[in-house]
Amino acid sequence: MTMTSPASTRHERIATRRTVLMCRPEFYTVSYRINPWMHPEDPTDTSLALTQWQTLHDLYASLGYRIELIDPLPGLPDMVYAANGGFTLDGMAYGARFQYPERGPEGPAYMDWFREHGFEVAEPVSVNEGEGDFLLVGDAILAGTGFRSDAGSHDELRRIFGREVVTLRLVNPSFYHLDTALSVLDPDPEHPGIAYLPSAFDRASLEILEERYPDSVLVGDDDAAVLGLNSFSDGRNVVIASRAAGFEASLRERGYVPHGIDLSELLLGGGGVKCCTLELRW
Ligand code: ARG
């Protein structure tokens, strides 16, 4: 008898070498409040943020990823969250247009970087916060809206990349970017794998997720509350918040190799592993 195992229980996970863009948190602090995690009245420790960020950087290097760096700019404390800098695919970069003026200048800074590094840049018309809200799974782009990126940006994505774009509506202000509520574990079109926090989505979006990805890892509130879903996977290695213990166990069960990391200082700005990581797809 032949045994076939569904995607959820496959135990041979294959890593694909990633190229990522990161930004050192040299000017990191919390000086304004644009998400519920941020408390400008509380102190932050920039040198601790730098140390924790370096650990993430070095872990990526040890996993064999190619790492590109963009220079941090003074006065842009959130620039460390590189995921918001744009969305890249097929050598094209769709630039970000930030919702809050505090982050506005990051958009052009990232677009300049993309241009200087061989991407064809599509200037954004609609508000959108890049890979914070847009995640590639198989041949489709999952696109969040509700808090930051406008639904209009989903149409732009469709036009620019010619891919299927699946709109998902976020409903919990603590999970304001798609990458805080949903994690792509395996982007392979043959056996896509994702994890998500069901309560972060409206009913219609949940139905879409359940139908498209019946084998998903459903993550609980405790893991989501430490931004456990804000993780980065190469198809085998999954870099996650070390405090997301339940998520870590689910990943192991499915044959992934979780790598826990502590980014507590960057959590004060409302970001984690994935927020600090923009995937580059030339
Ligand atoms: N303080 C930043 C903001 O509110 C955090 C961004 C987190 N990035 C992410 N990709 N979820 O915009």
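Just so we're clear, the structure is a prediction, and the values are computed from it rather than from any experiment.

Brief notes about the site of the ligand
Stage number 1. As a matter of local geometry, the ligand sits amid 17 residues, with Asn35, Arg103, Asp179, Gly269 and Cys275 nearest to it.
Stage number 2. Out of a free accessible area of 350 Å², the ligand has 100% covered by protein chains.
Stage number 3. Among the cavities detected, the one that contains the ligand is the second largest cavity.
Stage number 4. In terms of residue class, the shell around the ligand is built from six nonpolar, seven polar and four charged.

A look at the nonpolar core
Stage number 1. One finds Leu182, Phe201 and Phe247 to be the most contacted residues of the largest nonpolar core, which totals 37 residues.
Stage number 2. When neighbours within four sequence positions are excluded, Phe247 is seen to be in contact with Ser183, Leu185, Ala195, Val217, Val219, Asp223, Gly228, Leu229, Ser231 and Ile240.
Stage number 3. Formed by 23 residues, the second largest nonpolar core is a distinct cluster that contains Val30, Met38, Leu59 and Tyr60.

Regarding the pattern of salt bridges
Stage number 1. Under the defined criterion, the tally for this structure stands at 16 salt bridges.
Stage number 2. Two residues, Arg115 and Glu123, come together in a salt bridge whose shortest N-O distance is 2.8 Å.
Stage number 3. The partly exposed category is assigned to Arg115, whose relative accessible area is 39%.
Stage number 4. Classification of Glu123 as exposed rests on a relative accessible area of 51%.
Stage number 5. Residue Glu129 is joined to Arg148 by a salt bridge in which the shortest nitrogen-to-oxygen separation is 2.8 Å. Taken together, the residues Glu129 in the loop between β5 (120-122) and β6 (134-137) and Arg148 in the loop between β7 (140-145) and α3 (151-161) connect sequence positions 19 residues apart.
Stage number 6. By relative accessible area, which is 0% here, Glu129 ends up buried.

Some points on the sheet that holds strand β3 (residues 86-89)
Stage number 1. Strand order in the open sheet formed by three strands is β3-β4-β5, and the pairing between neighbours is mixed. In this open sheet, the two strands that pair with only one neighbour each are β3 and β5. When the angles between neighbouring strand axes are averaged without regard to direction, this sheet yields 25 degrees.
Stage number 2. Contacts from helix α2 (residues 106-116) reach β3, β4 (92-95) and β5, with the element oriented near 150 degrees to β5.
Stage number 3. Strands β3, β4 and β5 of the sheet are contacted by α3, whose axis makes an angle of about 165 degrees with β4.

Some points on empty space enclosed by the protein
Stage number 1. A complete count under the given rule lists two cavities of 30 Å³ or more for this structure.
Stage number 2. In this structure, the largest cavity is lined by 13 residues; those nearest its centre are Val226, Ala241, Ile261, Leu263 and Ser264.
Stage number 3. Looking at side-chain class alone, the lining of the largest cavity contains seven nonpolar, four polar and two charged residues.
Stage number 4. One number sums up the size of the second largest cavity: a volume of about 70 Å³.
Stage number 5. Along the walls of the second largest cavity sit 14 residues, with Asn35, Tyr81, Arg103, Tyr176 and Gly269 positioned nearest its centre.
Stage number 6. Partitioning the lining of the second largest cavity into residue classes produces five nonpolar, six polar and three charged.

Looking at the pairing of strand β13 (residues 237-241)
Stage number 1. For β13, the buried fraction is high: five of the five residues fall into the buried class.
Stage number 2. Where strand β12 (residues 232-233) lies against β13, two bridges are found, and the strand directions are antiparallel. Across the sheet, Ser233 pairs through a bridge with Val238, a residue of β13.
Stage number 3. Adjacent in sequence and paired antiparallel, β12 and β13 are bridged by three residues, among which Gly235 carries a positive phi angle near 100 degrees.
Stage number 4. Sheet topology places β13 next to strand β14 (residues 257-261); five bridges connect them, and they run parallel. Across the sheet, residue Val238 finds its bridge partner in β14, namely Pro258.
Stage number 5. Considered for its hand, the β-α-β crossover made up of β13, helix α7 (residues 245-253) and β14 is right-handed.

Describing unusual backbone geometry
Stage number 1. A positive phi angle is found at Asp90, which is not glycine, with a value near 50 degrees.
Stage number 2. Tracing the backbone through its elements, the reader meets Asp90 in the loop between β3 and β4.
Stage number 3. Take Asp90: its relative accessible area is 44%, and that puts it in the partly exposed class.
Stage number 4. Positive phi values are uncommon outside glycine, yet Leu227 reaches one of about 55 degrees.
Stage number 5. Mapped onto the elements of the fold, Leu227 is located in the loop between α6 (221-224) and β12.
Stage number 6. Leu227 gets classed as buried once you look at its relative accessible area, which sits at 2%.

What counts, and where the lines are drawn
Residues numbered from 1 in each chain as written. Predicted model: local features only at pLDDT ≥ 70, side-chain atom pairs only at ≥ 80, totals over all residues. Heavy atoms only, no water. Near = heavy atom within 4 Å. Areas by Shrake-Rupley, 256 points an atom, 1.4 Å probe, with all protein chains shown as cover. 1 Å grid on protein atoms, 1.4 Å probe; cavity = no way out; pocket = protein on both sides within 12 Å on 5 of 7 lines; lining within 4 Å. Sits in = over half its atoms within 2 Å of the grid points. Nonpolar A, V, L, I, M, F, W, Y, C, P; charged D, E, K, R; others polar. Core = buried A, V, L, I, M, F, W, Y, C linked by side-chain atoms within 4.5 Å. Buried < 20%, exposed > 50% of the residue type's maximum accessible area, 1.4 Å probe, protein only. Contact = heavy atoms within 4.5 Å. Salt bridge = Lys/Arg side-chain N within 4 Å of Asp/Glu carboxyl O. Helix = DSSP H or I, 4+ residues; strand = E, 2+ residues; numbered from the N terminus. Pairing = 2+ DSSP bridges. Axes fitted to C-alpha atoms, helices over the stretch in contact; angles between N-to-C directions. Points joined across faces, edges and corners; volume = space filled by probe spheres on them. Right-handed = clockwise from strand over helix to strand, strands pointing away.

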